[in-house]
Every structure is written in structure tokens, then in C-alpha cells.
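Single-letter residue listing:
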Amino acid sequence: MTQSAETTQPPIKVLLADDQALLRSAFRVLVDSEPDMEVVGEAADGAQAVELAGATGADVVLMDIRMPGTDGLAATRMISADPALAAVRVVMLTTFEVDEYVVQALRAGASGFLGKGAEPEELLNAIRIAAAGEALLSPAATKGLIATFLAQGGSSGEGPDSAEYAERLAALTVREREVLVLVAGGHSNDRIAERLQVSPLTVKTHVNRAMAKVAARDRAQLVVIAYESGLVRPRVE
């Protein structure tokens, strides 16, 4: 596997939320086979996922976006709105990597999304990335997100208005704005470091400072804010 069993870090606590029991079972076997993570609970709907996120102390929730009753989107909003669950990261599982609900999922507070057809190592890597506070936004996925965002006409009208966004963005340094634009373009820290001729650690520092200044939960929310605010207006290819 990709991690050593001698890791000194406590295992990543994973909560599985999907209405298909067979799929949950498959995910459980996969996750529990890793020495650095463990499944701490299973939920068949969004309401149960929210309840268990707090009860189990989950670090990451693998959340199916479509479930009966309270769906994954509503559950993610509830988790993001609860200060007691501020450390919980949600990874949305979708039938397609980019679908009609992806933008809403990121606005709701999801750290990213993953197609259900992903390879096992991709799923395990996604859990580790989310637990580390990063975002699951590959360049391809981000381009799809941008296209979907533009097709929906930009801002949802929910959350902070343009004036508040402008105030938040005004606190960014020139370099932080530059990094934010590149993050919104789907570039990794390593790629941004190459373009700006700085170290990846420096890039990560700029990203973290930008997140703090604009009150973003994580990197995924930075992308949403970049487009919601109008800071980034990509050309449609």
C-alpha cells in the first residue's frame, strides 16, 4: 500500500455515507485495508451522516451526492454550518466527475469531489488529501467546474455579497492574489511554484494565508470565491 504501517499519526477516521449497502461494504473493505485510516461509521442517508459525523469524530466523510430523504448536498451544508464540525472534511462521490450538482456541492462546503468510477488508489489518495486540508480539484475537474459555474450564470446569490467579497480580497497581497488566480485555474502547488519560481512550501503558505483572509474552509472554497467574486473570469474554450 501507499503508507507505512509504522506511521506515528493516528488513523484518519472515515465515515461512509451512501444509500447502497453493497457500495458501502466495498468502501469499508478498501479503507480498512490501509494502516493509516479506518471506517468509524456508515450512514444510509444525509441526516444520519450529519449525526454520525459528530458522534464518531470523523475526519473525512465520503458522501454520496444523491441519497433519498436528506441528500448529500443538504447534509454537507449542515456539516459546514455546524461550528462543532468545522474540522470535518466532505468528499462528494458522484456518478460523473463533473455533474450538475458539483458547483452546489463546493458552495455547500465540500472539499472536493470524486467519481464513483475512480480507481481504489484514487479514492484512498482523496481521503488523505482531504484529511490534510487540501482540495480534490484536479486540473480537468476544475475546468469542468469552471464550465459548469459559467453555464449557471456565475454567482448563486447566496452567501457574502460582492461588496463583502471585495473587502476580503482587498486584504490579500499582490502575491496572494496571483496565487489565488492560479489555484482557481486548477494548478497544483508544485506547478504554481514552477511558474512563480518559488518553493512549494512558499506557495502553500500563500494559499493558507489567502484562505484565512477570505474565510475559506479550504482550497476548494478558494476556487468558488475566486469565481463568485469575479476575480477570475476564465475564457470559455
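Predicted model, so just to flag it, every value in this text is computed and none were measured.

Reading the values: the criteria
Residues numbered from 1 in each chain as written. Predicted model: local features only at pLDDT ≥ 70, side-chain atom pairs only at ≥ 80, totals over all residues. Heavy atoms only, no water. Helix = DSSP H or I, 4+ residues; strand = E, 2+ residues; numbered from the N terminus. Buried < 20%, exposed > 50% of the residue type's maximum accessible area, 1.4 Å probe, protein only. Contact = heavy atoms within 4.5 Å. Areas by Shrake-Rupley, 256 points an atom, 1.4 Å probe, with all protein chains shown as cover. UniProt positions renumbered as here; feature names shortened; annotations may be inferred. Pairing = 2+ DSSP bridges. Right-handed = clockwise from strand over helix to strand, strands pointing away. Polar contact = N/O pair within 3.5 Å; in protein donor to acceptor, adjacent residues only side chain to side chain. Axes fitted to C-alpha atoms, helices over the stretch in contact; angles between N-to-C directions.

1. Some details on the overall build of the protein chain
Along the backbone of the protein chain there are 11 helices and five strands. Split into buried and exposed, the 237 residues of the protein chain put 46% on the buried side. For the protein chain, the share of sequence-separated contacts (at least 6 apart) that also reach a separation of at least 24 residues comes to 69%. Taken as a whole, the protein chain presents about 11,300 Å² of accessible surface, with 52% of it coming from carbon and sulfur.

2. Digging into the UniProt feature "modified residue: 4-aspartylphosphate" (unreviewed entry) in the protein chain
On the UniProt side, "modified residue: 4-aspartylphosphate" (unreviewed entry) is annotated at positions that read Asp64 here. Looking at the element boundaries, aspartate 64 is found in strand β3 (residues 60-64). Here aspartate 64 falls in the buried class, since its relative accessible area comes to 4%. Non-local contacts of aspartate 64, meaning those with residues more than four positions away in its chain, are made with Ala17, Asp18, Asp19, Gly72, Leu93 and Lys116.

3. Description of the pairing of strand β1 (residues 12-17)
For β1, the tally of buried residues reaches five of six residues, placing the bulk of the element in the interior. Across six bridges, β1 lies against strand β2 (residues 37-43) in parallel orientation. Across the sheet, the residue bridging to leucine 15 is glycine 41, located in β2. This β-α-β element, β1 to helix α1 (residues 21-32) to β2, shows right-handed connectivity. As judged from the four bridges shared by β1 and β3, these two strands associate in the parallel manner. Note on β3: the bridge partner recorded for valine 14 is valine 60.

4. Re the environment of aspartate 45
The topology assignment puts aspartate 45 in the loop between β2 and α2 (46-55). As a C-alpha pair, aspartate 45 and aspartate 19 span 26 residues in sequence and 5.9 Å in three-dimensional space. What aspartate 45 contacts, discounting residues up to four positions off in sequence, is Met67, Pro68 and Thr70. Here glutamine 48 takes part through its backbone nitrogen, which lies 2.8 Å from a polar atom of the side chain of aspartate 45.

5. Section: the environment of serine 188
Here serine 188 lies in the loop between α8 (174-184) and α9 (189-196). Sequence separation between serine 188 and lysine 204 is 16 residues; the distance between their C-alpha atoms is 9.9 Å.

6. Brief notes about the sheet that holds β1
Overall, parallel pairing links the five strands, which are arranged β2-β1-β3-β4-β5 in an open sheet. Looking at strand neighbours, the two that pair on one side only are β2 and β5 (112-115), the edges of this open sheet. With direction set aside, neighbouring strand axes in the sheet form an average angle of 25 degrees. Pairing of strand β4 (residues 89-94) with β5, which is carried by four bridges, proceeds in the parallel orientation. Opposite valine 91, over in β5, you have glycine 112 as the bridge partner. Its contacts with the sheet place helix α3 (residues 72-81) against β3 and β4, and it is angled at close to 155 degrees to β3. Contacting β1, β2, β3, β4 and β5, helix α5 (residues 120-131) crosses the sheet at an angle of about 125 degrees to β3.

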